[in-house]
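Next come the chains, spelled out residue by residue.
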Amino acid sequence: MIEVNCSPDIDLERTKGIMTEIAHDTMGGWLWLPRKYDMGELVRLKEAAKKIQAESEYLVCIGIGGSYLGHRAIIEALRPKSETKIIYAGNSLSRRELERALEKVGDHDFSVNVISKSGTTLEPALAFREFKAKLIEKYGEEEARSRIYATTDAKKGALHDEAVASGYTRFVVPDNIGGRYSVLTAVGMLPMAVAGVDIDKLLEGAAEAVEEEVGSAVKYAWMRYEIGQKGYDTEVFASFEPATMYFNEWLKQLFGESEGKNGQGIFPASVIYSTDLHSLGQFMQDGRRNLFETIIDYPTDETNAKVVQAVRIAHTDGGIPVLDIKPESYDEKGFGALIYFFELACAISAKLFGVNPFDQPGVEAYKEELKKLI
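Residues numbered from 1 in each chain as written. Predicted model: local features only at pLDDT ≥ 70, side-chain atom pairs only at ≥ 80, totals over all residues. Heavy atoms only, no water.

Engineer: Before we go on, may I ask you to explain the side chain of Asn-304 in this structure?
Structural biologist: Its location among the elements puts Asn-304 in helix α13 (residues 302–317). Relative accessible area serves as the criterion here: at 14%, Asn-304 is assigned to the buried category. Apart from the residues within four sequence positions on either side, Asn-304 is in contact with Phe-240 and Glu-241. (Helix = DSSP H or I, 4+ residues; strand = E, 2+ residues; numbered from the N terminus. Buried < 20%, exposed > 50% of the residue type's maximum accessible area, 1.4 Å probe, protein only. Contact = heavy atoms within 4.5 Å.)

In structure tokens:
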């Protein structure tokens, strides 16, 4: 069980209404996913992962936002053992970063997992073009096609059409699950399996959370809402494990894209302690009191536990509301439960603020302006 140290005033009728709305939303497919996973697809994912591991030293994962943050978060946190290493590309428009990724692959054997629902998002589209050309140059067109794995729309889109025409191995980005909620779909499962993550255990943890963590997620969502109504407009996710930096990045996308609409929501930020205590710690202790802190207190060693305790006391005494979230374990099951917990809490919280948790009109606006410019 995930422990949450708060006791908000919960409106049960409103909560029931919100849960009903989420369950019936056309983008609410993640809600029951861990309990209703397509076992046939899971088998295909594992088979593809074994093939990639057998023939490639690197898997280049091409995607941006929800197409890469979630699975990178788990891979970086757990650091599983696999002979095949993951390289990330297509998450910026920096030519330097793209060239670094190409140089890292070098002459090594590699495969590509391009992850994009439409296939037209600029950052991954440009990176895919470069890596596809490198595959063809190294292996020829036929073998290059066998080394490309496309995770995309089931029926339409530029990447879907190319994948069908070229015979790439295809996996589906479900229509009823948005990018930031897609960690447990093929979007995240294939890269994690290749990296050596036990995806069965990950699903097991998430499936147990469907039954066990609803109450905790409701408490956390209502507490955030209460704090937000008191004028605290920034939430700082604090972790004491450096390897969870990308989990914090996923949380920032999850809450930022889900809540930040119509002038509403709480701005998500993050820190890694104790490192950031020696930089941002001063502001946290004595700066503006418009923020609150959510400590993700992973199981840790005795020294780190003392630091957690000291920070909790000091920041509370300094006038910062501090919430505690304690995962049961630091492994696949623990992170599976944590993923589901935060997805549910975020969706409820967005509904409390009166916004749609599952769209991102601001991101679409930026894309449209970029298209005009280039």
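After that view, the rundown keeps rolling.
Engineer: What am I meant to see in the environment of Thr-185 here?
Structural biologist: Note on placement: Thr-185 falls in the loop between β6 (169–172) and α8 (186–195). Taking the C-alpha atoms as reference points, Thr-185 and Arg-129, separated by 56 residues in sequence, lie 24 Å from one another. Residue contacts for Thr-185: discarding those within four places in its chain leaves Leu-33, Tyr-37, Pro-174 and Ile-177.

Engineer: Is there a simple way to think about the layout of surface pockets in this case?
Structural biologist: One simple way to see leftover space: roll a probe sized like a water molecule over the atoms. In this structure, the largest pocket encloses a volume near 930 Å³. If you go around the largest pocket, you meet 34 residues; those closest to its centre are Thr-121, Gln-360, Val-363, Glu-364 and Lys-367. Partitioned by chemical class, the residues of the lining of the largest pocket number 14 nonpolar, twelve polar and eight charged. Within this model, the second largest pocket holds a volume of roughly 400 Å³. Lining the second largest pocket are 22 residues, and of these Tyr-88, Ala-89, Glu-97, Leu-98 and Ala-101 lie nearest its centre. (1 Å grid on protein atoms, 1.4 Å probe; cavity = no way out; pocket = protein on both sides within 12 Å on 5 of 7 lines; lining within 4 Å. Points joined across faces, edges and corners; volume = space filled by probe spheres on them. Nonpolar A, V, L, I, M, F, W, Y, C, P; charged D, E, K, R; others polar.)

Engineer: In this structure, what is going on with the pairing of strand β2 (residues 58–62)? I would like to understand it.
Structural biologist: Consecutive side chains along a regular strand alternate between the two faces of the sheet. Summarising burial for β2: five of the five residues are buried, a large majority. Because side chains alternate across β2, one face comprises the buried residues Tyr-58, Val-60 and Ile-62, and the other comprises Leu-59 and Cys-61, equally buried. Where β2 lies against strand β3 (residues 85–89), five bridges are found, and the strand directions are parallel. Bridge assignment links Tyr-58 to a residue of β3, and that residue is Lys-85. In the sheet, β2 pairs with strand β4 (residues 110–115) via five bridges, with the strands oriented parallel. The residue bridging Cys-61 from the neighbouring strand is Asn-113, located in β4. (Pairing = 2+ DSSP bridges.)

Engineer: Can you help me understand the pattern of salt bridges in this one?
Structural biologist: A side chain of one charge can pair with a side chain of the opposite charge if their charged atoms are brought near each other. All chains considered together, the criterion is met by 26 salt bridges. Between Glu-130 and Arg-95 there is a salt bridge, and its shortest N-O distance comes to 3.0 Å. A residue pair is termed long-range when its members are at least 10 positions apart, and Glu-130 in helix α5 (residues 122–139) and Arg-95 in helix α4 (residues 95–105) qualify at 35 residues. Using a relative accessible area of 42% as the deciding quantity, one classes Arg-95 as partly exposed. Of the charged contacts, one joins Asp-153 and Lys-156 as a salt bridge, the two residues approaching to 3.7 Å between their closest N and O atoms. Asp-153 sits in the buried class, given a relative accessible area of 3%. Put simply, Lys-117, Asp-153, Lys-156 and Asp-175 are held in one network by salt bridges that share partners. (Salt bridge = Lys/Arg side-chain N within 4 Å of Asp/Glu carboxyl O.)

Engineer: Help me understand the environment of Gly-265 in this model?
Structural biologist: Along the polypeptide, Gly-265 turns up in the loop between α11 (245–259) and β8 (267–272). The exposure class of Gly-265 is partly exposed, given its relative accessible area of 27%. Sequence-wise, Gly-265 and Thr-234 are 31 residues apart; in three dimensions their C-alpha atoms are separated by 8.9 Å.

Any functional reading would require information that these geometric values do not contain.
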